[in-house]
Amino acid sequence: MTDPNEGWRKFVMEANAATGFQPATAADFGPVTFHGNRTADDPATLLDGRPLEKWTWIDQRRADLFSQIPSFEQVQELRLEALGYKNRIADLTRHQSEGGFGLDAAAPLVVSEMRKLQRAERELTRLSELKEVRSLRWNATGQLRQSVNDWVLRGIPGNCTLDVVEDAPLSELMTKADGGRIEAAVGRYQLRQRECAAGRHRVNSQQWPISLGEADAKELIERRADAAAPNLELAIEHGKPISFATTTQSALVHNAQPGAVAFIEAEDAVGLVCWLLGPELLKKISAGFREMSDGNALDQQQRETMLATIDADDLLAQRAECSLIWAAAERGEIIDFRPTTSPQAVLGVALRTVPHADALPETTAGFSWPLRR
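Residues numbered from 1 in each chain as written. Predicted model: local features only at pLDDT ≥ 70, side-chain atom pairs only at ≥ 80, totals over all residues. Heavy atoms only, no water.

Peer 1: Account for a nonpolar patch on the surface, naming residues and giving values.
Peer 2: Taken together, Val273, Trp275, Leu276 and Leu277 make up a surface patch of nonpolar side chains, about 390 Å² in accessible area. Considering the arrangement of structural elements, one finds Leu276 in helix α9 (residues 269–292). (Patch = residues over 30% accessible without salt bridge, like charges linked within 9 Å, V, L, I, M, F, W, Y side chains within 5 Å. Areas by Shrake-Rupley, 256 points an atom, 1.4 Å probe, with all protein chains shown as cover. Salt bridge = Lys/Arg side-chain N within 4 Å of Asp/Glu carboxyl O. Helix = DSSP H or I, 4+ residues; strand = E, 2+ residues; numbered from the N terminus.)

Dropping the structure here:
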């Protein structure tokens, strides 16, 4: 039987020989292995060991919480049942001239229907509150699951691998003040995380050095001054009037179509001030900076160092919190994870940078040269 690819192979081999490529032999044809990254759609395929067990627990927890939420049909059935009792009571107490039975509110039948209504309303209130509470817990677990999935599938840098971080034992995480209750220890580490968030806010709220503000002000004044300098060349070279630089300004038009905007071209007064009184303006700005400064400024490097320290402390507190929650789960106690918990802390993993490969794998022999960095 004739191979349908024989003609194509002959053509390729002749073209390679004509262009200087080494022709491929028959042994080169066969299964081709394609190298490269392929985005997975299931985090379970990228995890193993204890991290996989933790992810599976979170996924199952979300499914369990969803199954425990009262359905819309259940709540609607109770709501219709209560409405039916209300209509029945209204029919019983309505005057006979209006088509009712004309019974008194103390009549046994009315009292019986009223008790049924009260029981249905209590059950409707209980079920509605249960639906709200369980929906909140399900949503929180779902958010955590989604953040973990996104991090595992798309958040891990390509030059990093995952190392397993063992959960700390209870003896290291709990103190006498906890009274042997894991919930108390979890609350203590959550308080530590709130303290880290407050520290992060303080760092981000600190003033920047005056020197940075003065440098920015100097650059702004010089740039505006250069752009707004009067055109003197026209007067000297062509005997025309001196012209000043203009700028385009926009303004909302009132008593017109909503959103109407007008554009005008006016002389750049601010730029002219910068050109005329630049040094004096810079002195004024510098004096204002010093009047406002509290003496606790942080530059970029100081901010990054302090924030890195806070982030490390925060991650340690989150790892301790998650270790306690996993220990409680082994005891059969359920403590919900916070939806904002770090995926690294939840899964018990840490990022480790690995060096790049010195060479990329070769493609099929005879058709190309190997590509190297």
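Next, the rest of the story.
Peer 1: Go over the side chain of Arg303 with me, naming the residues and quoting the values.
Peer 2: In this fold, Arg303 is placed in helix α10 (residues 300–330). Buried and without a salt bridge, Arg303 has Asp299 as its closest oppositely charged side chain, separated by 6.8 Å. Polar contacts involving the side chain of Arg303 include one to the main-chain carbonyl oxygen of Val203, which spans 3.0 Å. A polar contact of 3.1 Å, which involves the side chain of Arg303, links it to the backbone oxygen of Leu298. (Buried < 20%, exposed > 50% of the residue type's maximum accessible area, 1.4 Å probe, protein only. Lys, Arg positive; Asp, Glu negative; His and termini not counted. Polar contact = N/O pair within 3.5 Å; in protein donor to acceptor, adjacent residues only side chain to side chain.)

Peer 1: Explain the nonpolar core to me, using residue names and the numbers behind them.
Peer 2: One finds Ile182, Leu324, Phe337, Val346 and Leu347 to be the most contacted residues of the largest nonpolar core, which totals 25 residues. Every element with two or more residues in this core is listed here: α2 (49–67), α4 (108–155), α6 (182–205), α10 and α11 (343–347). Among the elements that make up this core, the one with the highest residue count is α10 (6 residues). (Core = buried A, V, L, I, M, F, W, Y, C linked by side-chain atoms within 4.5 Å.)

Peer 1: Go over the packing of α2 against α4 with me, naming the residues and quoting the values.
Peer 2: Interaxial distance between α2 and α4 falls to 9 Å at its minimum, and their mutual angle equals 150 degrees. By the angle between their axes, α2 is roughly antiparallel relative to α4. The handedness of the crossing between α2 and α4 comes out as left-handed. Contacts from Trp55, Ile58, Asp59, Arg61, Arg62, Leu65 and Phe66 of α2 reach α4 at Arg137, Trp138, Thr141, Gly142, Leu144, Arg145, Val148 and Asn149. (Axes fitted to C-alpha atoms, helices over the stretch in contact; angles between N-to-C directions. Parallel < 35°, antiparallel > 145°, perpendicular 65-115°, else oblique. Left-handed = near helix turned anticlockwise from the far one by under 90°. Contact = heavy atoms within 4.5 Å.)

Peer 1: Pulling in residues and values, what's your account of the packing of α2 against α10?
Peer 2: Contact geometry of α2 with α10 gives a least axis separation of 13 Å together with a crossing angle of 75 degrees. In terms of orientation, α2 lies roughly perpendicular with respect to α10. Contacts between α2 and α10 involve Arg50, Lys54, Trp57 and Ile58 from the first element and Trp326, Ala329 and Glu330 from the second. Partitioned by chemical class, the residues of the contact of α2 with α10 number 4 nonpolar, no polar and 3 charged. (Nonpolar A, V, L, I, M, F, W, Y, C, P; charged D, E, K, R; others polar.)

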